[in-house]
Amino acid sequence: MIKFRAVFASLLAACSLQASAVLAASPASAAVAASCPSHYLDGRPPEIRNPKLAAATRPLCFSEFGVMHSGVTRTALWSAEHLAADQVVAAQGLDRDNAFHPEPRLPRGQRAELSDYARSGFDRGHLAPNGDMPDRTAQRESFSLANMVPQDRDHNRHIWAPIEGAVRKMAKKEGELYVITGPAFLGSSLRRVGNVIVPSHLYKVVYSPRQKAGAAWFVENRSDAPIQVIPVAELERILGIELLPSLNQRQKERMLALPKIRQKKSRY
DNA sequence: CGGCTTCAGCTA
DNA sequence: TAGCTGAAGCCG
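Residues numbered from 1 in each chain as written. Chains lettered and ligands numbered in written order. Predicted model: local features only at pLDDT ≥ 70, side-chain atom pairs only at ≥ 80, totals over all residues. Heavy atoms only, no water.

1. Topic: the pairing of strand β5 (residues 122-126)
Within β5, four of the five residues are buried, leaving the element largely enclosed by the surrounding structure. For β5 and strand β6 (residues 148-152), the ladder comprises five bridges, and the chain directions are antiparallel. The partner of G125 across the bridge, within β6, is V149. (Buried < 20%, exposed > 50% of the residue type's maximum accessible area, 1.4 Å probe, protein only. Helix = DSSP H or I, 4+ residues; strand = E, 2+ residues; numbered from the N terminus. Pairing = 2+ DSSP bridges.)

2. Some remarks on the UniProt feature "domain: ENPP1-3/EXOG-like endonuclease/phosphodiesterase" (unreviewed entry) in chain A
UniProt tags residues 62-250 as "domain: ENPP1-3/EXOG-like endonuclease/phosphodiesterase" (unreviewed entry). Helix makes up 27% of residues 62-250 and strand makes up 31%, while its end C-alpha atoms are separated by 31 Å. (UniProt positions renumbered as here; feature names shortened; annotations may be inferred.)

3. So, the state of the cysteines
Across all of its chains, the model carries one disulfide by this definition. Each disulfide pairs two cysteine sulfurs, and for C36 the partner residue is C61, the sulfurs being separated by 2.2 Å. The S-S bond linking C36 to C61 shows a torsion near -100°; that makes this disulfide left-handed. Of this pair, C36 sits in the loop between α3 (29-33) and β1 (47-48) while C61 sits in strand β2 (residues 57-61); the two residues are 25 residues apart in sequence, bridging distant segments of the chain. In this structure C61 comes out as partly exposed when scored by relative accessible area, which is 26%. (Disulfide = S-S within 2.5 Å.)

4. Examining the protein's contact with DNA strand B
The full set close to DNA strand B counts 19 residues, and R96, R124, H126, N156 and R157 are the nearest of them. Across the atoms of DNA strand B situated within 4 Å of the protein, the share located in sugar and phosphate is 86%. Among the secondary structure elements, those contributing two or more residues to the surface near DNA strand B are β5 and α7 (153-174). Residue contributions to the surface near DNA strand B peak at six residues, all from α7. Among the residues making up the surface near DNA strand B, the classes are represented as four nonpolar, seven polar and eight charged. (Near = heavy atom within 4 Å. Nonpolar A, V, L, I, M, F, W, Y, C, P; charged D, E, K, R; others polar.)

5. Quick notes on the pairing of β6
β6 sits mainly inside the fold: five of its five residues count as buried. Neither face of β6 is open: one carries M148, P150 and D152, the other V149 and Q151, and all of them are buried.

6. With respect to α7
Over its 22 residues, α7 runs 30 Å from end to end, which matches the ideal 32 Å to within 8%, given 1.5 Å per residue. Of all the bends in α7, the greatest, near 40°, is centred on W160, and the proline P162 appears no more than four residues after it. When α7 is considered as a whole, its buried residues turn out to be H155, N156, I159, W160, I163, E164, A166, V167, R168, M170, A171 and E174. By the N-cap criterion, in which a side-chain oxygen at the helix start approaches the backbone nitrogen of a residue two or three places on, α7 is capped by D152, the distance to D154 being 2.9 Å. After α7 finishes, the residue G175 shows a positive phi value of roughly 95°. (Expected span 1.5 Å × (residues − 1). Bend = angle between axes of the 7 residues up to and from the residue. Polar contact = N/O pair within 3.5 Å; in protein donor to acceptor, adjacent residues only side chain to side chain.)

7. Points about the sheet that holds strand β4 (residues 75-84)
Taken together, the seven strands give an open sheet; going across it, the order is β2-β3-β4-β7-β10-β11-β12, and neighbouring strands pair in antiparallel fashion. On the outer flanks of this sheet lie β2 and β12 (228-230), each paired with one strand and no other. Between one strand and the next, the sheet's axes are offset by a mean angle of 15°, whatever the strand orientation. Bridge analysis of strand β11 (residues 213-220) against β12 gives three bridges, and the strand direction is antiparallel. Its bridge partner lying in β12, F218 is registered against Q228. (Axes fitted to C-alpha atoms, helices over the stretch in contact; angles between N-to-C directions.)

8. Brief notes about helix α8 (residues 232-239)
When you tally the buried positions in α8, you get seven out of eight residues, the bulk of the element. Taken residue by residue, α8 has V232, A233, E234, L235, E236, I238 and L239 as its buried positions. Buried residues in α8 make contact with β7 (176-184), β10 (201-208), β11, β12, β13 (241-242) and α9 (249-253). Residue G240 follows α8 closely and has a positive phi angle near 75°. (Contact = heavy atoms within 4.5 Å.)

9. A short note on the packing of aromatic side chains
What characterises a pair of aromatic rings is the spacing of the ring centres plus the angle enclosed by the ring planes. Under the criterion given, the structure shown has two aromatic pairs. Between F62 and F65 the ring centres are 4.5 Å apart and the planes differ by 15°, which places this aromatic pair in the stacked class. Residues F62 and F65 agree in their burial class; the two are buried. Centroid distance F100 to F143: 4.9 Å. Interplanar angle 80°. Geometry classified as edge-to-face. One end of the pair, F100, is in the loop between α4 (85-92) and α5 (114-117); the other, F143, is in the loop between α6 (136-142) and β6, and 43 residues separate them in sequence. Assigned by exposure class, F100 and F143 land together as buried. Cation over ring: R124 sits above F100, and NZ or CZ is 3.8 Å from the ring centre. (Phe/Tyr/Trp six-rings, centres within 6.5 Å; stacked < 30°, edge-to-face > 60°. Lys NZ or Arg CZ within 6 Å of the ring centre and 35° of its normal.)

Here you go:
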């Protein structure tokens, strides 16, 4: 059983200046105007329950995924995809073309810049993965810094990459999946790279319509972190975000079997 | 066991 | 933007 307390007070304490500065710039109506239902289970995007997380948020739609961006953390709070089998096949026929760029739809005072990440020691880690993108347009969109978080190198390459591969494999088997990926900012010692807050954890929710079941990976943002698999309901409590609002509590407890991810032994 | 894939950073 | 570098899981 996990006993994380969702301590977002520290996040706000670390960023109070930015938070107050950007609050006025984010009308709540923007959230409605820019919803993109096709990326979400039953057309319903996640709902932020922890008010502290809601500061300076704005939804952004991309062709193959939708994000909720935070001007406080200068990252997304989630990135959501409807991942279909044929899309995965198309994506796997496309070579990678790195094109990291700041998100032009975001005001400069809220968005991450390439300079925030440069020589930081952290990877620019995709939330919605490049490897899921079926065409050049979607691929380029996935390289928006609005779809990135500062991620530990080894975590990204040796924990997250195999998880992403497992999700694509599962999507081909299940026919379709809904996938939501994002950061968590827990604890009292959050650090930052430039103006971007470094998440303490990353999560990835997978929901299979065919099995009517879901589950989530939840892993600390460091190398050699243990890979935890938890129910959607538990992740929602940890985050203070209702990720799959069209499901009832019982449905959120119904576990989808996720593939086992192998991990290198720790160096001891 | 070796090639393939996937995640990238850095430099010019 | 192109080119070079690198590690490790996956898979046949």
